[in-house]
Every structure is written in structure tokens, then in C-alpha cells.
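A closer look at the structure
Now for the letters of each chain:
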Amino acid sequence: NVPGFSQQSAAELTIGLMFACVRHIPRGDARFRQHPVDDLDPPSPEGESFMGFELESKVLGVMGMGRIGKRVVKMALGIGMKVVYYNRSNVTVDGASQVSIEELLRSSDVVTLNLPWTPETDKIINKAALAQMKKGSVLINTGSAKLVNVDDLYEALKSKHLRAAGLDVVDISQSHPITKLDNVVFTPH
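This text gives an overview of the structure that appears in the document.

**Concerning the layout of surface pockets**
There is about 360 Å³ of room inside the second largest pocket. Around the second largest pocket sit 20 residues that line it, and His-24, Arg-27, Asp-182, Asn-183 and Val-184 are the ones nearest its centre. If you list the elements that add at least two residues to the lining of the second largest pocket, you get helix H1 (7–22), helix H2 (25–34), strand E6 (162–167) and strand E7 (184–186). With five residues, H2 is the single largest residue contributor to the lining of the second largest pocket. Taken together, the residues that form the lining of the second largest pocket break down as ten nonpolar, five polar and five charged.

Written as C-alpha cells, this is what we have:
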């Protein structure tokens, strides 16, 4: 947690990971590089797998309403998303509604973690939290690797309960099976 450092960059990365996940940009890039002259027919099963979904009118749940979280809200509102947020203290954010963690997880199409790590936030995203998330939703973590139980996230992604995850920070071994999933976008922090 480095207050004041790179707030705009972190917020933009959050939004960038969200687009990469819902639009399957890394998979599309990899597929094109393997077959550069082979167009996909959108109604085909493979073509449909790249369709993703539009973010306008979808619900973004922001966990953590510090400086970065507030910038993420501003950008999401510009996209036309509805925004709910959880913060441990009461904060008013124009255009967004403060809710409980449970309500945020249940109602959000995309959940973004912009929290610092503390003993209270350690593994805040675990099997129980993931089970509360909407089927087909997306998780973005640009906070701390310690916010997410990676083994539980792997199971939620593998089972397709979650559509995708965008992880700027992750604490895993090189051989962790999450690195083999095509519905995860990693960045090197």
C-alpha cells in the first residue's frame, strides 16, 4: 500500500483488465497469431466463445473506496456502468451506492478489488465469497495478492462459475494450474 503512488495508472489497469476479460482480448490475440488469415464466423461455437458481453448497464462492484477506487468509479460511470461499492467506513461517492460485501458480490457483473491487505482483508475472496458471486461474473484484482485465495479462485474459474479473472498480483508457484486456464488474464505488476 503506497498512498498517492500511481493512482491513475492503477485505475486504468483495473479498467483495462476488465475489458480484456469480458472481451477475451488476450485469447483473441493468441488465436489470431496462430491463424492470421482464418476469420471466425460469429455464429460458430468457436466464434461465440469470443463474443463476451457489453459493459454498458452492467453492475461494477468496487471493493475499497480509496483514491484508486474512486477513479475506477469515475471511469466505470463514463462507460455507462452502474456502480456499487463496499468500504469499511461510510463514504459518499457521486453516482454510486454503498452496499454490504454480500450485496456487492450478489449483484455485480464485475467485482474489482482495490483494497489494501490487512489481517481483516486477508483472503477476503475465498470459496464462500466466490460462491456468492453471480454465475458468469468477472473478478479483477489490482490490490494485493493476499486478498484472494488462489486455489478457491482456480476452482471457480475451472468450473465456469466465474467467467474470467484479471490478476495484476497473484501469489502462486510457477506450476499452479491457474496459469493453464484461458479465462485468466495476468499482468506482472
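Having seen the structure, we can now continue with the description.
**Considering the side chain of Asn-87**
In this fold, Asn-87 is placed in the loop between strand E2 (82–86) and strand E3 (96–98). What makes Asn-87 buried here is its relative accessible area of 14%. In this structure the side chain of Asn-87 is engaged in a polar contact, spanning 2.9 Å, whose partner is the backbone nitrogen of Met-65. Of note is the side chain of Asn-87, whose polar atom sits 3.1 Å from the backbone oxygen of Ser-89. Not counting chain neighbours up to four residues away, the residues in contact with Asn-87 comprise Gly-64, Met-65 and Gln-98.

**Description of the pairing of strand E1 (residues 59–63)**
For E1, a buried count of five out of five residues is recorded, marking the element as mostly surrounded by other parts of the structure. Side chains Val-59, Gly-61 and Met-63 project from E1 onto one buried face, and the interleaved Leu-60 and Val-62 project onto a second face that is buried too. Pairing of E1 with E2 involves five bridges; the strand directions are parallel. Looking at E2, one finds that Val-59 is bridged to Lys-82.

**Concerning the environment of Val-91**
Mapping Val-91 onto the fold places it in the loop between E2 and E3. For the pair Val-91 and Ile-140, spaced 49 residues apart in sequence, the C-alpha separation works out to 22 Å. Ignoring sequence-local partners within four residues, the contact set of Val-91 consists of Met-65, Lys-70, Tyr-85 and Gln-98.

**As for the pairing of E2**
Following the chain from E1 across helix H4 (residues 67–79) to the adjacent parallel E2, one finds a crossover that is right-handed. Strand direction decides the pairing type here: E2 and E3, joined by three bridges, are parallel. Pairing of Val-84 across the sheet is with Ser-97, part of E3.

**Regarding helix H7 (residues 150–158)**
The complete set of buried residues in H7 reads Val-150, Leu-153, Tyr-154, Ala-156 and Leu-157. Each buried residue of H7 sits inside an arc of 165° when the element is viewed along its axis, so together they form one side. In this structure, the buried residues of H7 make contact with helix H6 (127–132), strand E5 (137–141), E6 and E7. A positive phi of about 70° marks Lys-160, the residue just after H7.

**Quick notes on the sheet that holds E5**
Read from one edge to the other, the open sheet built from seven strands follows the order E3-E2-E1-E4-E5-E6-E7, with strand pairing classed as parallel. Looking along the sheet, the strands with just one partner apiece sit at the ends: E3 and E7. For this sheet the average axis-to-axis angle between neighbouring strands, irrespective of direction, equals 15°. Across the sheet, H1 touches E1, strand E4 (110–113), E5, E6 and E7, and the angle it forms with E5 is around 145°. Across the sheet, H7 touches E5, E6 and E7, and the angle it forms with E6 is around 140°.

Procedures and definitions
- Residues numbered from 1 in each chain as written.
- Predicted model: local features only at pLDDT ≥ 70, side-chain atom pairs only at ≥ 80, totals over all residues.
- Heavy atoms only, no water.
- 1 Å grid on protein atoms, 1.4 Å probe; cavity = no way out; pocket = protein on both sides within 12 Å on 5 of 7 lines; lining within 4 Å.
- Points joined across faces, edges and corners; volume = space filled by probe spheres on them.
- Helix = DSSP H or I, 4+ residues; strand = E, 2+ residues; numbered from the N terminus.
- Nonpolar A, V, L, I, M, F, W, Y, C, P; charged D, E, K, R; others polar.
- Buried < 20%, exposed > 50% of the residue type's maximum accessible area, 1.4 Å probe, protein only.
- Polar contact = N/O pair within 3.5 Å; in protein donor to acceptor, adjacent residues only side chain to side chain.
- Contact = heavy atoms within 4.5 Å.
- Pairing = 2+ DSSP bridges.
- Right-handed = clockwise from strand over helix to strand, strands pointing away.
- Arc of directions from axis to C-beta.
- Axes fitted to C-alpha atoms, helices over the stretch in contact; angles between N-to-C directions.

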